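# Close look at the chain arrangement
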Amino acid sequence: QCPSNKRCAGGTSSPVACPTHSSSASTGGASCVCSSGKYMTENTCANVQTCAAGHYQTVPPTETTDRACEHCPANQWCAGDSTPPQLCPQLSFSFLTAGTSCQCVDSLFMDDGQCKPVTVCPAGKYQSEPPTHIRDATCSKCDALAACKGGLEPPEPCPPLSSSVSTEGMSCVCEGDRFMHANGQCLQPTPCPSGTYQVAEPTKTSDIECHDCLPQHECVGGDREPAKCPPRADTNSLNVCVCLADNESLLRNIFGLPLECVVDTSSTSTSTSTSATTTTSTASVTTTTTTTPTTTSTTTTTTWTSTTSTTSTTTTTTTTTTATTTTTTTTT
């Protein structure tokens, strides 16, 4: 019997030693067979080639021939070796990877053999790790002193005197009664000036809204409502109600609101001044007597003339008073 490490052709031929990594035990000495993973070529055991990733086996190896490999077909991926090609899942392709794997289209990633949408980070979070073809994006919570709009936007630092704690990182909010101006600064609300009135209170993102005062209304500014001027009154250059007549004054209530125009009594009151006054009085008497045979009638007329001069006002007042007395005497 032929030894296990030799082959015997039969007849008078002597046994021939088998090449390294081979034996003839499986053939009863008729031929030498290479060990697993090798094939016989030119009386030598050579390694069977391995199909690399992106390739697939088209012809399997034999005891005397090597394995044959080809590039992976389009839209399929090949793990290599003897694994057959696998179709790429929907919305994926393999031409960019030379068939080594399937790659999803943009905004998708491969998860458990399926293309899934990449997570879009919501407001209040930011993308701390970008996605890959086989891994989703990672979103992290925004810092307390920054605002995160979400998506691919990076965190934006909050301006001084603000934070994003109350909005869970979605936006920066000013502290106290301050509001966020369009220039990105936290400012104090601006009270309405005189001549305007408040129509909207401030918010966290807007200042106090003021409108010009209404016609014939008084607007002192601040948060006071417009006050309508009373009859016979209108506003002056300072947007304050005043009476139109010189001898009238504006009466206001305890809150300072205009009520009505009233006559100014101070214009008829007597004032004390240093002035000289001279008064001259003149009286004249005229007597007329009429006699008849039976009746005697006497008529006396007295006239007083008073002249008053005031040097401080240059005013002369003349008063004339006439008194008539009639006396009738009857003679019998």
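Another point: the overall build of the protein. A tally of helices and strands in the protein yields 0 helices and 33 strands. Counting the 332 residues in the protein, one finds 24% classified as buried.

By definition, a disulfide links two cysteine residues through a covalent bond between their sulfur atoms. Counted by the stated rule, this structure contains 15 disulfides. Covalently, C34 is tied to C45 through a disulfide, its sulfur atoms 2.0 Å apart. On the S-S bond that ties C34 to C45, the torsion sits near -95 degrees, and the link is left-handed. Of the two residues, C34 is situated in strand β4 (residues 33-34) and C45 in strand β6 (residues 44-47); the sequence distance between them amounts to 11 residues. An identical accessibility class is assigned to C34 and C45; each is buried. Note on cysteine connectivity: C72 is disulfide-linked to C78, with sulfurs 1.9 Å apart. Taking the torsion about the sulfur-sulfur bond, which here is approximately 80 degrees, the covalent link between C72 and C78 counts as right-handed. Summarising the burial analysis for this pair, C72 and C78 share the class buried.

In the structure shown here, the tally under the stated rule is 1 aromatic pair. With centroids separated by 4.7 Å and ring planes inclined at 25 degrees, the aromatic side chains of F93 and F95 adopt a geometry described as stacked. Given the relative accessible area of 62%, F95 is considered exposed.

A few words on a nonpolar patch on the surface. Residues L251, L259 and V262 make up a contiguous nonpolar surface patch of about 220 Å² in total accessible area. V262 gets classed as partly exposed once you look at its relative accessible area, which sits at 30%.

Considering the arrangement of structural elements, one finds A137 in the loop between β15 (125-129) and β16 (138-141). Residue A137 is classed as buried on the basis of its relative accessible area of 11%. Between the C-alpha atom of A137 and that of F109, which follows or precedes it by 28 residues, the distance is 9.3 Å.

What follows concerns the confidence of the model for the protein. Looking at the protein, pLDDT values average 81 and 80% of them are 70 or higher. Of the regions scoring below 50 in pLDDT, residues 268-332 engages in 95 contacts with residues more than four places distant in sequence or in other chains.

With phi around 65 degrees, H21 is a residue other than glycine that occupies positive phi space. Note that H21 resides in the loop between β2 (16-17) and β3 (22-23). Unlike most non-glycine residues, L161 shows phi in positive territory, near 65 degrees. Following the sequence through the fold, L161 ends up in the loop between β18 (156-157) and β19 (162-163). For L161, a relative accessible area of 40% corresponds to the partly exposed category.

A few words on the environment of T83. As for its placement among the helices and strands, T83 is situated in the loop between β9 (76-77) and β10 (86-87). Sequence separation between T83 and A53 is 30 residues, and the spatial gap between their C-alpha atoms is 9.6 Å.

In this structure, strand β5 (residues 38-41) lies alongside β6, joined through 4 bridges in antiparallel fashion. Each residue of the ladder has a partner; that of M40, found in β6, is C45. What sits between β5 and β6 in their antiparallel hairpin is a turn of 2 residues, with E42 showing a positive phi close to 50 degrees.

Tracing the chain through its elements places D81 in the loop between β9 and β10. It is 9.9 Å that separates the C-alpha atoms of D81 and P60, two residues lying 21 residues apart in sequence. Excluding its chain neighbours within four sequence positions, the residues that come into contact with D81 are T50, C51, Y56 and Q57.

Under the definition given, this model contains 4 salt bridges. Here E218 ties to R252 by a salt bridge, and the two come within 2.8 Å at their closest N and O atoms. Residue E218 is located in strand β25 (residues 217-218), and its partner R252 is located in strand β29 (residues 248-252); the two are separated by 34 residues in the primary sequence.

Our focus in this paragraph is the pairing of strand β14 (residues 114-117). The sheet contact formed by strand β13 (residues 108-111) and β14 spans 4 bridges and is antiparallel. Across the sheet, F109 pairs through a bridge with K116, a residue of β14.

Attention shifts here to the side chain of S24. For S24, the location among the structural elements is in the loop between β3 and β4. Looking at S24, its side chain comes within polar contact range of the main-chain oxygen of P3, at 3.1 Å. For S24, the residues in contact, after removing those within four places along its chain, are P3, S4, N5, K6, R7, C18, G29, S31 and C32.

Analysis parameters
Residues numbered from 1 in each chain as written. Predicted model: local features only at pLDDT ≥ 70, side-chain atom pairs only at ≥ 80, totals over all residues. Heavy atoms only, no water. Helix = DSSP H or I, 4+ residues; strand = E, 2+ residues; numbered from the N terminus. Buried < 20%, exposed > 50% of the residue type's maximum accessible area, 1.4 Å probe, protein only. Disulfide = S-S within 2.5 Å. Phe/Tyr/Trp six-rings, centres within 6.5 Å; stacked < 30°, edge-to-face > 60°. Patch = residues over 30% accessible without salt bridge, like charges linked within 9 Å, V, L, I, M, F, W, Y side chains within 5 Å. Areas by Shrake-Rupley, 256 points an atom, 1.4 Å probe, with all protein chains shown as cover. Salt bridge = Lys/Arg side-chain N within 4 Å of Asp/Glu carboxyl O. pLDDT = per-residue confidence, 0-100. Contact = heavy atoms within 4.5 Å. Pairing = 2+ DSSP bridges. Polar contact = N/O pair within 3.5 Å; in protein donor to acceptor, adjacent residues only side chain to side chain.

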